[in-house]
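# Structural features, examined
Read off the chains here:
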Amino acid sequence: MNISRHGIPEISKGTHFLVDKNGKLMYIDKTCENIFNVRPDECLDTIDFSTLQWVHSKDRDKVEENFQSAIHEDTPSKIKYNLAGQKGITLSHTLFPIHDNEGKLVSIHGFFEKHQPGNFHVPEKNNAFETLELFNQISLIVSKENSFEKTLSELLDKVLEFTKMESGGIYILNRETGNYILTAHSTVPEDFFQKHSEITREWKSLLPVIDEGKVVVIPDVSAPVPYADTGRKKSAINQGSHSFAGIPLINENSINGILMIRYPGIHEFTETGKRLFTIIGKQLGNSIKQANLIKQLQISREMYRDLFDNAADVIYTHDLEGNILSMNKTGLDTLHLDKKDILRLNIRDFLTEESLEVAQYMMSLTTQNEDIRFPVILEVIRVDGARSFIEFNIRPILEDGKPVAIHGIARDIDRRLKAEQNILIFNKALNLTLDGINVSDADHNITFINEAGAKMFGYKRMELIGQHASIFYAEEDLSNLTENVIPAMEKYGYWNGLILGRKKDGTAFPLEITLNSMMDEKGEPLVNLAIFRERKTVSSKIYQ
């Protein structure tokens, strides 16, 4: 049967052949004479996988097992063995089963290769200085402040250049899913990128890389292969033949990624080459871990910068002479400054004389390594001349254990001081009034009472906090509380009238009282406010 070799590429100077499932040779190209030392027309009679006469007797069982494996397990396989009658000559062949559209095995496609020095396309041997230079360049790439993805891409390009591989990709471990994601790759077809963008455990050929951390070689033959099937010629696979190596990227005995490199043709990866790949894998693993840490640091810097710029408080640094080194946007807005102005200024430009004296004293304590754990309130003069009080918390920035600068967080407390002042005025007003004022919670437990109110009932203020408001009612008037006051408060949230009060010593006395409840959005009482005024003379009929 005449099988044309049209369209089959030259593959690593190997000899292409086709054999049927019974082991009979169907086709072999004329380069077979270079391997078997026979004329091309004698190759068809020499090669027979059913007899294996060209194989040294001690290797025939191994070759037979390999052939049967290709037939029954449907996996590409490569094997080395010795030739019969040619001492010291080692042969290898790679077998690839071919099936029809229904999955039926119709033939086996293979390549013979003769193992002799210089017979294979292997990477040029790199001396130790070149290898060290590669690692030096890897370190330089990582030290650049590039994005993580760009760093990976440059690392990949450098390794491909060094190993003289055609293309490749770096897959980084996703620790959440356990899969490896293609993060950087050289120029590859779009369909390859879509199909192989993630490595899972379905990639059986890569399990040694994933589980044991060993370099693995993966042949991927996909050449246009014509073969006989009911008189027709069919193309088995559409792409060219390639060989791959999967290299674990190891850091601290943990695989953090996989480097896939690709070479055209059936390529011989030598043991020396694999050892070199192992070393490169460890170096890349360490470098990628470092690059990832740099990436995380950059993210942290960006997050810190965002917090720094958008914090509600003023954040700043200055040297020991008071010269401003940095200040966030809140600080600039507080002082009414532009960013370009801040680095030309000193803290003394913003403080009153009294506050500057305090600040200088605090600075002297800081430079003596005194631990200042309390905030300092200083009066600041803004650019527009307005003044405000700022609360400062300061810490030294140390270098070799010695202060070299000051880091501070400050807060404008003008509003707080005014609020506190208003509260003081309000409290003073409450305590100056002659009326008793009492605040209780929803359960009528007393939370506040003014001096006049406490004095009216003969108590000190702190004696009443936490007591129930019924403490103000005489026993003989409790029915008035339960029948009139409480129902009105529950219905209207308001009551005004007269009650019979009770002092601490038990004395009953008349009171005019106004009660109000403050409600929440559901209409439930939050707090109750009571205003008392003592009545000197009241008809007893009022309490009937």
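What comes next concerns the included structure.

Conventions used here
- Residues numbered from 1 in each chain as written.
- Predicted model: local features only at pLDDT ≥ 70, side-chain atom pairs only at ≥ 80, totals over all residues.
- Heavy atoms only, no water.
- 1 Å grid on protein atoms, 1.4 Å probe; cavity = no way out; pocket = protein on both sides within 12 Å on 5 of 7 lines; lining within 4 Å.
- Points joined across faces, edges and corners; volume = space filled by probe spheres on them.
- Nonpolar A, V, L, I, M, F, W, Y, C, P; charged D, E, K, R; others polar.
- Helix = DSSP H or I, 4+ residues; strand = E, 2+ residues; numbered from the N terminus.
- Buried < 20%, exposed > 50% of the residue type's maximum accessible area, 1.4 Å probe, protein only.
- Polar contact = N/O pair within 3.5 Å; in protein donor to acceptor, adjacent residues only side chain to side chain.
- Contact = heavy atoms within 4.5 Å.
- Pairing = 2+ DSSP bridges.
- Expected span 1.5 Å × (residues − 1).
- Arc of directions from axis to C-beta.
- Core = buried A, V, L, I, M, F, W, Y, C linked by side-chain atoms within 4.5 Å.
- Axes fitted to C-alpha atoms, helices over the stretch in contact; angles between N-to-C directions.
- Salt bridge = Lys/Arg side-chain N within 4 Å of Asp/Glu carboxyl O.

Let us now look at empty space enclosed by the protein. Applying the stated criterion across every chain yields a total of 3 cavities of 30 Å³ or more. Quantified by volume, the largest cavity comes out at close to 330 Å³. In terms of lining residues, the largest cavity is bounded by 21 residues, among which Tyr-316, Ile-347, Leu-351, Leu-378 and Phe-392 are the most central. Tallied by class, residues from the lining of the largest cavity come to 19 nonpolar, 2 polar and no charged.

Relative to the helices and strands, Ser-355 is located in helix α11 (residues 353-367). For Ser-355, a relative accessible area of 7% corresponds to the buried category. Within the local environment of Ser-355, its side chain forms a polar contact with the backbone nitrogen of Glu-379, the two atoms lying 2.7 Å apart. Sequence-distant contacts of Ser-355, that is, excluding residues within four places in its chain, are made with Leu-378 and Glu-379.

Alignment of strand β21 (residues 494-502) against strand β22 (residues 508-519), held across 9 bridges, turns out to be antiparallel. Each residue of the ladder has a partner; that of Tyr-494, found in β22, is Asn-516.

What follows is about α11. Look at α11: 21 Å from first C-alpha to last across 15 residues, which is about the 21 Å you get at 1.5 Å a residue. Buried within α11 we find Ser-355, Ala-359, Met-362, Met-363, Leu-365 and Thr-366. Around the axis of α11, the buried residues are gathered within 160° of arc, so they sit on the same side. In α11, the exposed positions angled more than 90 degrees off the buried face are occupied by Glu-353, Glu-354, Glu-357 and Tyr-361. Those residues of α11 that are buried are in contact with β14 (314-319), β16 (376-381), β17 (387-399) and β18 (402-412). Once α11 ends, the next one or two residues include Asn-369, with phi positive near 65°.

Below, the discussion takes up the nonpolar core. Among the nonpolar cores identified, the biggest contains 28 residues, and Leu-152, Ile-170, Leu-259, Ile-261, Ile-280, Leu-284 and Ile-288 are the most heavily contacted of them. Taken together, the elements giving at least two residues each to this core come down to α4 (128-143), α5 (148-163), β6 (167-173), β12 (242-251), β13 (254-264) and α8 (271-310). The biggest single contributor to this core is α5, with 7 residues. Beyond its immediate sequence surroundings of up to four residues, Ile-288 is in contact with Phe-148, Leu-152, Leu-155, Ile-170, Ile-172 and Leu-249. Grouped together as the second largest cluster of nonpolar side chains are 26 residues, Phe-17, Leu-25, Val-55 and Leu-91 included.

Before going further, it helps to examine the sheet that holds β22. Taking strand neighbours across the sheet as the criterion, the 5 strands line up as β20-β19-β23-β22-β21 in an open arrangement whose pairing is antiparallel. Edge strands, defined here as strands with exactly one partner in the open sheet, are β20 (446-449) and β21. With direction set aside, neighbouring strand axes in the sheet form an average angle of 25°. Taken together, the 3 bridges between strand β19 (residues 436-441) and β20 define a ladder with antiparallel strand orientation. Across the sheet, residue Asn-438 finds its bridge partner in β20, namely Ile-449. Helix α15 (residues 478-492) contacts β21, β22 and β23 (525-534) of the sheet and is inclined by roughly 155° relative to β21.

Summed over the entire model, instances satisfying the criterion amount to 15 salt bridges. Between Lys-158 and Glu-161 there is a salt bridge, and its shortest N-O distance comes to 3.4 Å. In this pair, Lys-158 and Glu-161 are both assigned in helix α5, 3 residues apart and thus about one turn of the helix distant. The exposure class assigned to Lys-158 is buried, which follows from its relative accessible area of 19%. Judged by relative accessible area, which is 54%, Glu-161 ranks as exposed.

The analysis is restricted to geometry; functional conclusions fall outside its scope.
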